[in-house]
Amino acid sequence: MIMDSGPTTFALFAAGAAALTTSVVKLKSRLALSRAKHRSLGGHSRLSRRVAGLVSFYAYDESQVFRSDDPPEETATARRAGFMRLAKLYAERYPQTMRLTTDVKDGISDLQFTDTYRVPFQFRELVQRHLSAPAFVQSSQGVVLTDLDGNHFYDLTGSYGVNLLGYDFYKGSIARAVERAGELGPVLGSYHPVVADNVARLKAISGLDEVSFHMSGTEAVMQAVRLARYHTRRTHLVRFCGAYHGWWGDVQPGIGNPIPARETYTLNEMSEAALRVLRTRRDIACVLVNPLQALHPNASPPADSALIDSGRSAHFDRQAYADWLKELRAVCDQNGIILIVDDVFVGFRIAPGGTQEYFGVRADMVTYGKTLGGGLPVGVLCGRKELMKRYRNNRPLDVCFARGTFNAHPYVMAAMNEFLRHLDTPEAQAMYAGLDALWNARAERLNQRLRERKLPVQVANLSSIWTVSYTEPSRYNWMFQFYLRAEGLALSWIGTGRLIFSLNYTDADFAAVVDRFVAAAEAMRRDGFWWHDPAATNKSIKRRVLREVLAHRFGRRADRTP
Ligand SMILES: Cc1ncc(COP(=O)(O)O)c(C=O)c1O
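So, a few notes on the structure that sits alongside this text.

## Focus on the site of the ligand
- Surveying the vicinity of the ligand reveals the residues Ser 216, Gly 217, Thr 218, Tyr 244, His 245, Gly 246, Asn 290, Asp 342, Val 344, Phe 345 and Lys 370.
- Measuring from an oxygen atom of the ligand, one finds a side-chain N or O atom of Thr 218 at 2.5 Å.
- Lys 370 has a polar side-chain atom sitting 2.7 Å from an oxygen atom of the ligand.

Below is the structure:
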């Protein structure tokens, strides 16, 4: 008995020490993960979902809408008059477009959603009653859209980024595609011969070995991540705070997804702490990068519905982002992590070779979409040979399944071919040369005009992708989208957070946009929406809104609720 106690005690001690070591290691890695999160709510997916669940709806009534920042009475009156003038203008100018929008809204859930999330929710009721955005357009030509009432709008929506070369190009590419693939028609499963040329061109553009075709950017990203998990035999994907990669669950771990994404880490982009996590964890299969985030690292897509103050900011530093991607590449190499560049948005927009060419980084996989379809819906994944393989030679039942009815649709493939072949033309090459210089100069021209007029608005840009920010504290910046529409500038439902220009904008077109943009800002200022208490700051506005939210949640009226 006594003889035995030595080894038994030792064994117990060793087991205890091992358990303690494991716990300490786990704790350390947990702490490293916490440190690698961005401090915003967007950086904490679970918490953000919990907080979202706590916010109760409340709306300002008609008199409160214009007094949320305690303006002088004449300012509130001017705001109300300006708002009603816009409402009258919308009703008189867009009658048929509005009638159809109103008639179908009940039956289109997407439209109900976008129309609801256009402005901060407190202001929503009055806006929806009077300034609902018309949802229909009849035609496009050059850089102009025409609605059902014959009104013309300069298009700043860029069709979510699809419209790179101008709508007329895509009309032509679709028409030629229908002609080229027409003899085959919508035969699926077998390929139209044009696929061979597309594959060769995509391999050359991406510098990668294989290609798979999908129906949307979301699907291409899904397939990239699934393959990365299959080949690394690891579970987790890393995405960076605020980055959009489509709408499937694993890349939307926070607000918007009803269930938690348990195998997703959301890390702080451009941070040493994130690199440390990538260097040390063993469960990370891949890192997803959306280079659009270079314009606003760690911030969500800048929708006007989140414009409760003027805190939104953006600044693009190409060199800093290139340096970050280089560090990321090196860490991925060290730890066997697949680097997936999601070029669905910026691919072909910033350079023919996308992010890899523009920032000088090599990816293991690249996803493309949007404009690559030549005007038709598409997603494409390019990757290294060993990563694209969907089965194992020595384990015949261990496959990584991916199919899709409409993959490689003949019409889409033919339209894509029109787009890809256009990239080789001298016209396209001339367009890409000096692209940034052109769009940076245009952004500066607009900013200069805004500064000269002392208007509290500025733009920042990543080439032809722009975002508007506001330079003085205000609760009403979201109104600007409605003034812009009244001046004939069409924005997407995100509003002023994202303007996307097609590259066929001439200097004359752009000059007209500048004039209208400035006129819209002047009208909004005249109507008193940019009045602010000299003591107000973005922080004080946020604090006040928070107080209101808490008061409505917990059933008390906040002392300063309007
Ligand atoms: C970077 C990025 N990835 C993926 C997607 C999803 O593409 P889709 O809307 O075609 O599914 C988008 C769409 O905006 C995107 O910008």
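## Some points on empty space enclosed by the protein
- Using the criterion set out here, one finds 1 cavity of 30 Å³ or more in the structure.
- Of the volumes computed, that of the largest cavity is approximately 50 Å³.
- What lines the largest cavity is Asp 115, Thr 116, Arg 118, Val 119, Arg 124, Val 127, Gln 128, Leu 131, Ser 132 and Ala 133.
- The set of elements that each furnish at least two residues to the lining of the largest cavity consists of helix H6 (109-116) and helix H7 (124-130).
- Tallying contributions element by element places H7 first for the lining of the largest cavity, with 3 residues.

## Some remarks on the sheet that holds strand E1 (residues 139-141)
- In space, the 4 strands of this open sheet follow the order E1-E2-E3-E15, with mixed pairing throughout. Two strands in the sheet have a free side with no partner beyond their single neighbour: E1 and strand E15 (489-490).
- Contacting E1, strand E2 (144-146) and strand E3 (152-155), helix H8 (residues 167-181) crosses the sheet at an angle of about 110 degrees to E1.
- On the sheet, helix H19 (residues 507-526) packs against E3 and E15 and is oriented at approximately 105 degrees with respect to E3.

Parameters at a glance
Residues numbered from 1 in each chain as written. Predicted model: local features only at pLDDT ≥ 70, side-chain atom pairs only at ≥ 80, totals over all residues. Heavy atoms only, no water. Near = heavy atom within 4 Å. Polar contact = N/O pair within 3.5 Å; in protein donor to acceptor, adjacent residues only side chain to side chain. 1 Å grid on protein atoms, 1.4 Å probe; cavity = no way out; pocket = protein on both sides within 12 Å on 5 of 7 lines; lining within 4 Å. Points joined across faces, edges and corners; volume = space filled by probe spheres on them. Helix = DSSP H or I, 4+ residues; strand = E, 2+ residues; numbered from the N terminus. Pairing = 2+ DSSP bridges. Contact = heavy atoms within 4.5 Å. Axes fitted to C-alpha atoms, helices over the stretch in contact; angles between N-to-C directions.

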